[in-house]
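Survey of secondary and tertiary structure
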Amino acid sequence: MTAEQALAAVGGLPALEHVAPYWDESMAAMPSGGVPFLDSEAVRSNREWCGFPAAVDTVLLATAARIRENPALSALIWHCAWRVYDAPEAGSVGKWPLFPQTLGADGGVFYLLVGLSIVPRLRAHHGRLGIPEDVTRETCQQPRCFCGNYDRQHPGALGIPLNQLGWLRHYTREVYLRLGRFEYWLRPFAGAVQVFRHCDTGEVIALAENGARFDRDGYQPRDADPATLAAGWQSVLTLSRGSVTGTPLAPWGKALRQSVTLSRTDWKRILGRGDWILQIHIPAGGAMTRDDVNHSLRRAAEFFASHFPDKPVATIQCTGSWIYNPDLERFLPADANLVLHLRDVYLYPIASGGTDGLWFIFFQDPFDPASAPRDTRLQRAVLDWLGAGNTWRAGGMFVLPEHVRRLGTTSYRDRWPPQGLGL
Ligand SMILES: CC(C)(COP(=O)(O)OP(=O)(O)OC[C@H]1O[C@@H](n2cnc3c(N)ncnc32)[C@H](O)[C@@H]1OP(=O)(O)O)[C@@H](O)C(=O)NCCC(=O)NCCS
């Protein structure tokens, strides 16, 4: 069966260009006995590992049976899973159809079954890495978190937003796992800031990479208009054997329009391009209480030090999210969980603008402020902020593993500025 024939049989032909890539390769790998992850026992077991209640078995098993009995849907779901997990390169299934002609309102379940099929792959991968089973179970929660987003898009329906499904590939190939509130991806740092620590006082300062473009306020506007760029400025960073001169980044997430010189006898670089970091990702669902967040960060520092001692982590870091938008401190209440968390970590600016991350709050693509929902306090606060003409940003943050014990004390801001730098 070709991709065209399969799609024609289930009313999905308009999506052919999105479904066709790698069709021959995935079909060549398809088992003759059917798609293993549609087997009822596999569905039940995967559902249980992913933390769904048994009540969802009815719709999962019924949809799996309908797909099993339909050769075109069977080929398509196999191809979808192969594309997500096995294809030689990551690819999006974001423009695949929901098959309303054959699956009615349960099109999302087709993709949830693909999401649940992460379980045997993740168990095998974690087994090879020596990850304990309880951590594998925590990591398996992501399809359920994605379902929460799908539910906000299609109230009452079960599924995974199509644009999120492809992300599951990373968990099965990388050192990428969940510990409490956050997920952590152990990977080399790709740059954007350098971090230095004073050898005696332990003070910390982040410097911008050379040539980053900042606006008048010390943020990095992406796609800024010419007037903003004309009023802006560029960072400097020069490293010599004896010293480093650069543009300081204040821990509340702004670049300062001045330069500092650090003596390399006193200051040690602890983060630069290529160093190992724990890149944080924030799964949806549940609050980000200070206790939960800090407990997760402490667990991460300990867990990775003991399980991956050959990859010492320079920072625990989010390289970019709406959650680290420094402006949240200006428009959310002072005791909001997100505001408390932002004060505990070292924020830094990243190139951002437009509608970065608003999908995670409004679940619209494209974002439309006129029709965006105002159902939650977060949604109302963001819409009011944007409605008042403010710019939307994302930001980055880091915490040093040695500082996880003092989380909850706003320590980076309390120790700012470092002594003797003229800041
Ligand atoms: C960040 C997040 C955890 C909220 O944390 P929090 O502020 O501690 O959560 P709270 O439970 O205190 O919720 C505060 C308010 O925000 C609302 N809210 C929480 N998550 C929301 C979301 N994803 N979209 C819209 N509103 C949300 C809550 O309903 C609540 O409003 P209400 O009292 O009117 O119901 C939550 O937004 C989330 O899970 N986001 C999705 C994940 C995400 O964005 N990841 C980053 C990707 S770059």
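Residues numbered from 1 in each chain as written. Predicted model: local features only at pLDDT ≥ 70, side-chain atom pairs only at ≥ 80, totals over all residues. Heavy atoms only, no water.

Right, let's talk about the overall build of the protein for a bit. Tallying secondary structure elements over the protein gives 20 helices and 18 strands in all. On C-alpha atoms alone, the protein measures out to a radius of gyration of 24 Å, which is about the 22 Å that the 2.2 N^0.38 rule sets for 423 residues. By residue count, 52% of the 423 residues in the protein fall in the buried class. In the protein, the share of contacts with a sequence separation of at least 24, taken over all contacts with a separation of at least 6, comes to 71%. Looking at charge distribution, the protein has the averaged site of its 42 positive side-chain charges lying 4 Å from that of its 42 negative ones. (Helix = DSSP H or I, 4+ residues; strand = E, 2+ residues; numbered from the N terminus. Rg over C-alpha atoms; globule rule 2.2 N^0.38 Å. Buried < 20%, exposed > 50% of the residue type's maximum accessible area, 1.4 Å probe, protein only. Contact = heavy atoms within 4.5 Å. Lys, Arg positive; Asp, Glu negative; His and termini not counted. Charge placed at Lys NZ, Arg CZ, Asp CG, Glu CD.)

Looking now at the nonpolar core. Ranked by size, the top nonpolar core spans 81 residues in total, and within it Tyr184, Ile205, Leu262, Leu297, Phe304, Tyr324 and Trp392 carry the most contacts. The leading source of residues in this core is helix H15 (residues 290–307), at six residues. Within the second largest apolar cluster, 55 residues are counted, among which are Trp23, Leu76, Val84 and Tyr171. (Core = buried A, V, L, I, M, F, W, Y, C linked by side-chain atoms within 4.5 Å.)

Right, let's get into the pattern of salt bridges. Within the structure shown, the criterion is met by 18 salt bridges. A cluster of three or more residues bridged by salt bridges with shared partners is formed by Glu48, Glu133 and Arg137. (Salt bridge = Lys/Arg side-chain N within 4 Å of Asp/Glu carboxyl O.)

What follows concerns the site of the ligand. Taken together, 21 residues sit near the ligand, with Met288, Trp322, Asn337, Thr376 and Arg377 positioned nearest. Burial of the ligand by the protein chains amounts to 78% of its free accessible area of 890 Å². Of all the elements in the fold, those that place two or more residues in the shell around the ligand are helix H17 (337–344), helix H18 (359–362) and helix H19 (377–387). It is H19 that contributes the most residues to the shell around the ligand, three residues altogether. (Near = heavy atom within 4 Å. Areas by Shrake-Rupley, 256 points an atom, 1.4 Å probe, with all protein chains shown as cover.)

Glancing now at the domain arrangement of the protein. Examined at the domain level, the protein breaks down into domain 1 (3–173) and domain 2 (175–354 + 391–423). The C-alpha centroid of domain 2 is placed 35 Å from the C-alpha centroid of domain 1. Between domain 1 and domain 2, the contact holds 15 residues from the first and 15 residues from the second. Taking both partners together, domain 1 and domain 2 bury about 1,300 Å²; carbon and sulfur atoms supply 61% of that area. Here Arg299 and Glu138 are joined by a salt bridge, their closest N and O atoms 2.7 Å apart. Seen at the junction of domain 1 and domain 2, the total is seven residue pairs in polar contact (both at pLDDT 80 or more). Counting only elements with at least two residues in the side of domain 1 that touches domain 2, the list comes to helix H9 (118–129), helix H10 (133–139), helix H11 (142–153) and helix H13 (168–171). Split into classes, the residues belonging to the side of domain 1 that touches domain 2 amount to seven nonpolar, seven polar and one charged. (Domains from an automatic or database assignment. Buried area = accessible area lost by both parts, 1.4 Å probe. Polar contact = N/O pair within 3.5 Å; in protein donor to acceptor, adjacent residues only side chain to side chain. Nonpolar A, V, L, I, M, F, W, Y, C, P; charged D, E, K, R; others polar.)

Next up on the list: helix H8 (residues 107–116). Most of H8 is tucked away, with ten of its ten residues classed as buried. Among the residues making up H8, those that are buried are Gly107, Gly108, Val109, Phe110, Tyr111, Leu112, Leu113, Val114, Gly115 and Leu116.

The strand order across the open sheet formed by three strands is S8-S9-S12, and the pairing between neighbours is antiparallel. The outermost strands of the open sheet, each flanked by one partner alone, are strand S8 (237–239) and strand S12 (260–263). Across the sheet, the mean angle separating the axes of adjacent strands is 10° when strand polarity is ignored. In terms of strand pairing, strand S9 (residues 243–246) meets S12 through four bridges, oriented antiparallel. Residue Gly246 lies in a different strand from S12, and its bridge partner there is Val260. (Pairing = 2+ DSSP bridges. Axes fitted to C-alpha atoms, helices over the stretch in contact; angles between N-to-C directions.)

Glancing now at empty space enclosed by the protein. The full count for this structure, using the stated rule, is two cavities of 30 Å³ or more. Taken as a whole, the largest cavity holds about 60 Å³ of empty space. In this structure, the largest cavity is lined by 13 residues; those nearest its centre are Tyr219, Ile350, Ser352, Arg393 and Ala394. Those elements giving two or more residues to the lining of the largest cavity turn out to be strand S6 (220–221) and strand S16 (346–349). A breakdown of the residues in the lining of the largest cavity according to their chemical character gives seven nonpolar, five polar and one charged. The calculated volume of the second largest cavity comes to roughly 50 Å³. Classifying every residue of the lining of the second largest cavity by side-chain character gives four nonpolar, two polar and three charged. (1 Å grid on protein atoms, 1.4 Å probe; cavity = no way out; pocket = protein on both sides within 12 Å on 5 of 7 lines; lining within 4 Å. Points joined across faces, edges and corners; volume = space filled by probe spheres on them.)

What follows covers the environment of Ala336. Here Ala336 is to be found in the loop between helix H16 (328–331) and H17. Ala336 sits in the buried class, given a relative accessible area of 16%. In this structure the C-alpha to C-alpha distance between Ala336 and Arg290, which are 46 residues apart in sequence, comes to 9.6 Å.

On to the environment of His170. Mapped onto the elements of the fold, His170 is located in helix H13. Given a relative accessible area of 18%, His170 falls into the buried group. Placed 85 residues apart in sequence, His170 and Tyr85 show a C-alpha to C-alpha distance of 8.3 Å. Not counting residues within four places of it along the chain, the set of residues in contact with His170 comprises Tyr176 and Trp185.

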